[in-house]
Amino acid sequence: MKRFLCCLVLPFLLLFGLGTQGVSASDGLENKYFKMSMRELIELGLLKGANNDGVIDYEHDKTISRAEFATLMVRVLGKENMPVTNPTDFTDVPKTYWGYTAIQQAAQLGIINGTGNGKFSPAANITREQIASIMNSVLEKQGITLPAKDLSTYDDAGHVSSYAKLSMERIVGAGILAGSNNKLAPKENATRGMTSAFLVRMLDYAKPVYYVGTVTANETKQGAQYGSYAEAKAAATGTNEVVLKYKKIVSIEEGQVTNSIIAPTVNLWNDKTFNYIIIGVASGTPVEFLESGENWIKVKFGEKTGYVKLKEAKLIPSVQVKGESFYEVKDGLLRHYVYNAHTQKHQSYLYGRSDADMPDGRYVSDNGSLYKKESTGTTYEAHQYFNKLPLYTKTSYTAEDLNKYIRENKPSTLGTSVLENMGAKFKEVEAEHNINAMYMLAHAIHESQWGTSEFAKNNFNLFGLDAYDGSGEAGAFANYDEGFNALVDRLTNPDKGYFTKSFKYQGAFLGNKDLGMNVFYAADPYWGQKIAGHMHRMDVALGGKERNRYDIAVTLTKGATTKVRSTPIVDDNLLYELTVTGLPVLVLDTVVTEKEGTWYEIAPKNLNGADYEKAYVYSHGASYGTNMKLLNLAQE
């Protein structure tokens, strides 16, 4: 489940250069200690890597020089364009030196001094106590005085130079620099990774620098500087103007939002205080921008509205949006083209059949059920049977049918599949636990590369259990029986099941991020639709016995439950309740009575030992209102 600058004499500009730079998950920092801090600086446009034969190296473990650090501090203060009116005569920093301007700016600002005898020592490694001294000076220039901490408890407190003592007390007191093993190591040379961590912590205290920028399709230009986010936002009134925090876009008029490089997913939180996550969607998924504040962005995905942490977000103004997801109808088939905002590419999967009324062409849809044709604006409603099918039902396909499907349809490029003779096991679990075998096989196909993945073969894990986006790991079981038992537990356990009334319960059907298993089971927002696509292909290959075999209806009551009864009458006959609005049920028959109106006989939810012979829900036609709606299933 889930989830160029090139110059021999400009090392600092390569590391802490101007401009933004796209970074993928393969930035070489995955196993580095300070990766999160470095990625945050990359996102702000303060950190860039050296281009080594086309591969960006962020040099996590390399030491940083005094010239590099001085240049970085000038940039943090937003003074890189400040004219040098009173240059200091450092004998080892000629005008031809790559860092001359930044060193002179830092000296003119009074945040860094030379090393004596008229020298600056630009190439010398910078130490931890020197960093503390310079950072303290930078904060003082912004009118910020940090609380001091007594350093006497550290074993090497006596090693701190006298000039750096007060700065170390303040920087350590603020938690910007932390000791290790009760030592401060003040004379230790700082690495670029370590320096990034110090800087990220310092930025929590520093006054950030904001700009109003102008955006075009392929470029963002930094404009006037402002002292606060509110001032910059008020000034960004032009059609293509945005607010920048350093080099990062932090406010736009309209466009897309996705995750930044420090966040593995796009998390939508409940409100601006970020108390809990409503949904999480996979990396690169674009969500709709609604509005923003200094540390939050309000967004919409499907029917869900929530808040994304600004630090974890990448904002893409409309003029820079390179693509969007869409559906395509061709020859009666419905294919979904999913856009990734990071790669700026589409990947597609077959969702199912289109509706007979939907002509060929491209459509947009927020939920995979309601579609608008791009060329005409005409709207259509067409629900996919397998995406809405309650999964506590049984398929008519036999064990041999399931085996045959794997043997005859597994892509030839894949190796031997462990699923080829496992049909009997799927049917055994279906019979015992009332979980649809066709669904379970489609789930396994999707998560285990048709039963050929290493996790499927070595971990006996067919269903992507405990596999998280980007981790490269998954749950391991002693055998396939244990793997099946784990899936059943995840689905039906009363305390944590996706099919039961646990906190994960959003309906016992595949669905998407609006409702269904997909809400919490997988970060991929189209995980449920992709598995429905596998079920569709399976059904076509095996004779089309299942799709649209029955009607599907959904609950309409809001703020109230829909009662499931043993007979089609309001009486002392309650079996259980449907607690979620929009929950689908499989309609086996329709019963109409003069007094009680229209009732639907539905497939009973026989899980965890329940054995209801018949189950009914009231629909409409009596004094109880309208409780159910029959879905318009795709009929092509």
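The shown structure was predicted, so the numbers you read here are calculated from the model rather than taken from an experiment. (Residues numbered from 1 in each chain as written. Predicted model: local features only at pLDDT ≥ 70, side-chain atom pairs only at ≥ 80, totals over all residues. Heavy atoms only, no water.)

### Notes on helix 16 (residues 527-541)
Between its first and last C-alpha, helix 16 extends 21 Å over 15 residues, near the 21 Å set by a 1.5 Å rise per residue. Helix 16 sits mainly inside the fold: eleven of its 15 residues count as buried. Among the residues of helix 16, Trp527, Gly528, Gln529, Ile531, Ala532, Gly533, His534, Met535, His536, Met538 and Asp539 are the ones counted as buried. Downstream of helix 16 by one or two residues, glycine 543 has phi in the positive range, about 110 degrees. (Helix = DSSP H or I, 4+ residues; strand = E, 2+ residues; numbered from the N terminus. Expected span 1.5 Å × (residues − 1). Buried < 20%, exposed > 50% of the residue type's maximum accessible area, 1.4 Å probe, protein only.)

### Topic: the pairing of strand 25 (residues 615-620)
The element strand 25 is largely enclosed, with a buried count of five among its six residues. The pairing of strand 21 (residues 562-565) with strand 25 spans two bridges and is classified as antiparallel. Bridge pairing links arginine 565 to tyrosine 616 in strand 25. (Pairing = 2+ DSSP bridges.)

### Digging into the environment of leucine 44
Inspection of the secondary structure puts leucine 44 in helix 2 (residues 35-44). Not counting residues up to four positions away in its chain, the partners in contact with leucine 44 are Leu203, Lys245, Tyr246, Lys247 and Lys248. (Contact = heavy atoms within 4.5 Å.)

### Some remarks on the side chain of threonine 195
Within the secondary structure layout, threonine 195 lies in helix 7 (residues 192-203). Residue class for threonine 195 comes out buried when judged on its relative accessible area of 0%. From its side chain, threonine 195 meets the backbone oxygen of threonine 191 in a polar contact 2.7 Å long. (Polar contact = N/O pair within 3.5 Å; in protein donor to acceptor, adjacent residues only side chain to side chain.)

### Points about helix 14 (residues 480-492)
Here helix 14 is 13 residues long and its end C-alpha atoms lie 18 Å apart, about the 18 Å a rise of 1.5 Å per residue gives. Buried within helix 14 are the following residues: Tyr480, Gly483, Phe484, Ala486, Leu487, Val488, Arg490, Leu491 and Thr492. Residues of helix 14 that are buried in the fold lie against helix 11 (423-433), helix 12 (437-448), helix 13 (454-458) and helix 15 (518-521). Two or three places before aspartate 481, at the start of helix 14, stands the capping residue asparagine 479, its side-chain oxygen 3.2 Å from that residue's backbone nitrogen.

### With respect to the packing of aromatic side chains
The relation between two aromatic rings is expressed through the spacing of the ring centres and the mutual angle of the planes. The full count for this structure, using the stated rule, is 23 aromatic pairs. When the centroid spacing of 5.8 Å and the interplanar angle of 75 degrees are considered together, the rings of tyrosine 363 and tyrosine 380 count as edge-to-face. Highlighted residues: tyrosine 363 in strand 17 (residues 361-364) and tyrosine 380 in strand 19 (residues 379-381), separated in sequence by 17 residues. The burial state of tyrosine 363 is the same as that of tyrosine 380; both residues are buried. Each residue in the set Tyr327, Tyr349, Tyr351, Tyr363, Tyr371 and Tyr380 is aromatic and connected to the rest through ring pairs, giving one cluster. The ring of phenylalanine 274 has lysine 309 sitting right over it, with the charged end atom 5.6 Å from the ring centre. (Phe/Tyr/Trp six-rings, centres within 6.5 Å; stacked < 30°, edge-to-face > 60°. Lys NZ or Arg CZ within 6 Å of the ring centre and 35° of its normal.)

### Notes on the sheet that holds strand 4 (residues 220-226)
If you trace the four strands from one edge of the open sheet to the other, you get 4-3-5-6, paired in antiparallel fashion. Strands at the two margins of the open sheet, each flanked by one partner only, are strand 4 and strand 6 (248-251). Going from strand to strand, the sheet's axes swing by 45 degrees on average, the running direction of each strand aside. Of the pairings in the sheet, the one linking strand 3 (residues 210-215) to strand 5 (residues 241-245) comprises five bridges and is antiparallel in character. Bridge pairing in strand 5 links glycine 213 to valine 242. (Axes fitted to C-alpha atoms, helices over the stretch in contact; angles between N-to-C directions.)

### A short note on the packing of helix 5 (residues 128-141) against helix 6 (residues 165-173)
Closest axis-to-axis distance for the helix 5/helix 6 pair is 8 Å, and the angle between their directions is 80 degrees. Our classification of the angle between helix 5 and helix 6 gives roughly perpendicular. Here helix 5 contributes Arg128, Glu129, Ala132, Ser133, Met135, Asn136 and Glu140 to the contact with helix 6, which in turn contributes Ser167, Met168, Arg170 and Ile171. Partitioned by chemical class, the residues of the contact of helix 5 with helix 6 number four nonpolar, three polar and four charged. (Parallel < 35°, antiparallel > 145°, perpendicular 65-115°, else oblique. Nonpolar A, V, L, I, M, F, W, Y, C, P; charged D, E, K, R; others polar.)

### Digging into the nonpolar core
Ranked by internal contacts, the top residues of the largest apolar core, which has 159 residues, are Met73, Met135, Leu199, Met202, Phe426 and Tyr439. If you tally residues by element for this core, the top one is helix 12, at eight residues. When near neighbours in sequence (up to four residues on either side) are disregarded, methionine 202 contacts Met73, Val76, Met135, Val138, Leu139 and Ile176. Grouped together as the second largest cluster of nonpolar side chains are 16 residues, Ala553, Leu578, Val617 and Met628 included. (Core = buried A, V, L, I, M, F, W, Y, C linked by side-chain atoms within 4.5 Å.)

### Some details on the packing of helix 3 (residues 66-76) against helix 5
If you want to describe how two helices pack, look at the angle between their axes and the distance between the axes. As a packed pair, helix 3 and helix 5 sit with axes 11 Å apart at the nearest point and diverge in direction by 20 degrees. The angle between helix 3 and helix 5 falls in the class roughly parallel. Pair helix 3 / helix 5 crosses with right-handed handedness. Within the contact between the two elements, helix 3 uses Arg66, Phe69 and Met73 and helix 5 uses Gln130, Ile131, Ile134, Met135 and Val138. Across the contact of helix 3 with helix 5, the residue classes break down as six nonpolar, one polar and one charged. (Left-handed = near helix turned anticlockwise from the far one by under 90°.)

Limitation: the analysis is restricted to geometry and does not speak to function.
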